[in-house]
Amino acid sequence: MKKISKDLMLGCSISANQAEGAFNVNGKGLSIAELRRYNPNLDRKDINTERKMTKEKLQEALNDDGKYVYPKKIGVNFYERYKEDVKLIADMKNDCFRTSIAWTRIFPNGDEKEPNLKGLEFYDNLIDELVKNKIEPIITISHYEMPYNLVAKYGGWKNPILIEFYTNFAKTVMERYKNKVKYWIPFNEINAANYSVWAGAGLLDDEHPNILGLSMYALHNIFLANAQTVKIGKEINKNFLFGSMVATLLNYAESCDPQLVLKTEKDQQLKIYSFFDVMHRGEYSKFSLNLLKKFSIDLKISNEDKKLLKENTCDFLGFSYYMSGVVNQIEGDVTEGNLSKTGKNKFLKANEWGWQIDPIGLRILMNRLYDRYQKPLFILENGIGFDEKLENGKINDDYRIEYMKNHLEQIQNAIEDGVECIGYTAWSLMDIISHGTSEMTKRYGLIYVDQDSFGKGSQNRTPKKSYDWYKNVCISREI
Ligand code: P53
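Residues numbered from 1 in each chain as written. Predicted model: local features only at pLDDT ≥ 70, side-chain atom pairs only at ≥ 80, totals over all residues. Heavy atoms only, no water.

Asks: Looking at this structure, I do not really get the overall build of the protein. What am I missing?
Replies: In terms of regular secondary structure, the protein is built from 17 helices and twelve strands. For 479 residues, the compact-globule formula gives about 23 Å, and the C-alpha radius of gyration of the protein, at 21 Å, lands near that figure. Its C-alpha atoms give the protein principal-axis dimensions of about 60 × 50 × 50 Å. Burial status across the protein gives 62% buried among its 479 residues. Taking as baseline every contact in the protein between residues at least 6 positions apart, the subset at least 24 positions apart corresponds to 79%. Approximately 19500 Å² of the protein is accessible, and the part contributed by carbon and sulfur atoms is 49%. Of the charged side chains in the protein, 66 are positive and 65 negative, and the gap between their average positions amounts to 2 Å. (Helix = DSSP H or I, 4+ residues; strand = E, 2+ residues; numbered from the N terminus. Rg over C-alpha atoms; globule rule 2.2 N^0.38 Å. Buried < 20%, exposed > 50% of the residue type's maximum accessible area, 1.4 Å probe, protein only. Contact = heavy atoms within 4.5 Å. Areas by Shrake-Rupley, 256 points an atom, 1.4 Å probe, with all protein chains shown as cover. Lys, Arg positive; Asp, Glu negative; His and termini not counted. Charge placed at Lys NZ, Arg CZ, Asp CG, Glu CD.)

Asks: Before we go on, may I ask you to explain the UniProt feature "active site" (unreviewed entry) in the protein in this structure?
Replies: Here the UniProt feature "active site" (unreviewed entry) sits at Glu-381. Here Glu-381 lies in strand β9 (residues 377-381). (UniProt positions renumbered as here; feature names shortened; annotations may be inferred.)

Asks: When you look at the confidence of the model for the protein in this model, what are you seeing that I'm missing?
Replies: Parts of the prediction with low pLDDT should not have their coordinates interpreted in detail. Of the residues in the protein, 97% have a pLDDT of 70 or more, and the chain-wide mean is 95. Between residues 333-339, whose pLDDT stays under 50, and residues either more than four places distant or in other chains, the model counts 19 contacts. (pLDDT = per-residue confidence, 0-100.)

Asks: What am I meant to see in the site of the ligand here?
Replies: Near the ligand there are 15 residues, and of these Gln-18, His-435, Gly-436, Lys-442 and Tyr-444 occur at the shortest range. Asn-188 has a polar side-chain atom sitting 3.0 Å from an oxygen atom of the ligand. Between the ligand and Glu-381, the relevant distance is 2.9 Å, taken from an oxygen atom to a side-chain nitrogen or oxygen of the residue. Burial of the ligand by the protein amounts to 97% of the accessible area it has alone, namely 480 Å². (Near = heavy atom within 4 Å. Polar contact = N/O pair within 3.5 Å; in protein donor to acceptor, adjacent residues only side chain to side chain.)

Asks: Would you mind showing me how to read the pattern of salt bridges here?
Replies: Where charged atoms from two side chains of opposite charge approach closely, those side chains can pair. Using the criterion set out here, one finds 37 salt bridges in the structure. Among the ionic pairs, Glu-60 bridges to Lys-67, the shortest N-O distance being 3.4 Å. On the basis of relative accessible area, Lys-67 is assigned to the exposed category, the value being 58%. The salt bridge partner of Arg-372 is Asp-277, with a shortest N-O separation of 3.1 Å. Residue Arg-372 is found in helix α15 (residues 359-373), and its partner Asp-277 is found in helix α12 (residues 258-281); the two are separated by 95 residues along the sequence. Exposure remark for Asp-277: the relative accessible area of 0% places this residue in the buried category. (Salt bridge = Lys/Arg side-chain N within 4 Å of Asp/Glu carboxyl O.)

Asks: What is the right way to read the environment of Thr-264 from this model?
Replies: In this structure, Thr-264 sits in helix α12. Assessed through its relative accessible area of 6%, Thr-264 is described here as buried. Each C-alpha atom of the pair Thr-264 and Ser-274 lies 14 Å from the other, and the pair is ten residues apart in sequence.

Asks: Just checking my understanding: could you explain helix α6 (residues 117-132) for this structure?
Replies: Owing to its 3.6 residues per turn, the α-helix aligns residues three or four sequence positions apart on the same side. In this model, α6 (16 residues) spans 22 Å end to end at C-alpha, consistent with the 22 Å of a helix rising 1.5 Å per residue. Every buried residue of α6 is accounted for by Gly-119, Leu-120, Phe-122, Tyr-123, Asp-124, Leu-126, Ile-127, Glu-129 and Leu-130. Structurally, α6 contributes buried residues whose contacts are with α1 (16-19), α4 (78-91), β2 (96-100), α5 (103-106), β3 (136-142) and α8 (161-176). Once α6 ends, the next one or two residues include Lys-134, with phi positive near 60°. (Expected span 1.5 Å × (residues − 1).)

Asks: I would appreciate a short explanation of the packing of α4 against α6 in the present structure.
Replies: Each pair of packed helices can be summarised by the angle the axes make with each other and by the distance between the axes. Axis separation between α4 and α6 bottoms out at 10 Å; the angle between their running directions is 10°. With respect to each other, α4 and α6 are oriented roughly parallel. Together, Phe-78, Tyr-79, Tyr-82, Lys-83, Val-86 and Ile-89 of α4 and Phe-122, Asn-125, Leu-126, Glu-129 and Leu-130 of α6 make up the contact between the two elements. Residue classes in the contact of α4 with α6 are distributed as eight nonpolar, one polar and two charged. (Axes fitted to C-alpha atoms, helices over the stretch in contact; angles between N-to-C directions. Parallel < 35°, antiparallel > 145°, perpendicular 65-115°, else oblique. Nonpolar A, V, L, I, M, F, W, Y, C, P; charged D, E, K, R; others polar.)

Asks: Explain unusual backbone geometry here, please?
Replies: Negative phi values dominate among residues other than glycine, just as trans dominates among peptide bonds. A cis amide bond links Trp-427 to the next residue, Ser-428, at an omega of 5°. With respect to the helices and strands, Ser-428 occurs in the loop between β10 (421-427) and β11 (447-449). Despite not being glycine, Ala-22 shows a phi value in the positive range, around 45°. Structurally, the position occupied by Ala-22 is in the loop between α1 and α2 (47-50). A residue is classified by how much of its surface remains accessible, and Ala-22, at 18% relative accessible area, is buried. With phi around 55°, Tyr-144 is a residue other than glycine that occupies positive phi space. Assignment of secondary structure puts Tyr-144 in the loop between β3 and α7 (148-154).

Below you can see the structure in the form of structure tokens.
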């Protein structure tokens, strides 16, 4: 038995685009997430290809002629069932709950001056319901769900005009919930812009021969929008706390060959630190600047931009952590692309999707991040997906309990190592549409949702065994 630190908030996490559905209700505009199809013939080896959004796939999605389903349009109907879901959170005795605000409910086309009040009403109700139940809302302002119109009309985040549109949106919600929400995450997994240019930056994979290079320009605009949001937010309420959010792709060197260790060091600079650096040190590291130069990318960072980034850093390090990987080839320097491929680790077990489960890796990562930035950490996502079916009305997900227990144990160990950590929100509260593949067979929830990948089912919620286990952890504060 291990006591959990009293400062660690415990909760669960979801996102608007994967859960809400109701994609064309009360004036909501079309978001880029709703254009991601479910492909029933997908071979799991091809996930990285499926993730890509090409001109052809986009056209097919816009036509929506029945060839594919687009499950994020349906979500799991959190939009109508939010009260029931909040009750389940409250009954689980969670301290907090993380979700996002669908940009397209508030600014359907993204470039309007005034918000859609009908869209705000949903979040008024949701946030009130959370507050009423003493659940701290942790709000992601944008989670892979920008208005499609901003892609069609302005070309996505490569266009700096998006900073203005985004900050107008961010300001609207921060003003409105200034007395109810304290924790804000401007962008989900900001590094997604590098490995999923559509989700992260609203770019098409085949719009430019050097799409990764282009994504760096987009990312710079996103960083500026992040800093601008912190600036505006602190003016609205100086007690707001802002979190960065990086998908931490932790990698180890396969051997102690110094060349491989060096390569792994660079890999981690590229995949993890270069993002936190901008949002916490307030500047691009020398490593990043050298790399950009090597690829002839000139971001033309003005003195004004430098000042904005430097003066408006985030308060806590938010991140998702699911697995770790291995760097196993010395050949080749740090390359463009190849951001999510990794080698096998013989010491770890993997799930059906090849995600290598590594609780100790989380402790290692937490120590490294805290050493480097000396700011509190918040684990915003951690969980495991399985294809699950109800058996006698129940899901006995002992594997999920083991996963969460082992990770929470290592978090507590890291805290005892001296790391400051303020929260843990498990991914995910209930089964929702998979981000990467839009399937419903990759279930992460502590609550089962009766819905298949084609959107069929009663959508009824059934708490899994892990729900009862987590409830017990939240009450006893012990693992
Ligand atoms: P799905 C890759 C690596 C780590 C986290 O992902 C990632 C991804 C992108 O797939 O994304 C986060 O549903 C993301 C969530 C997402 C979750 O991980 O593809 O913030 O929206 O659902 C799990 O299996």
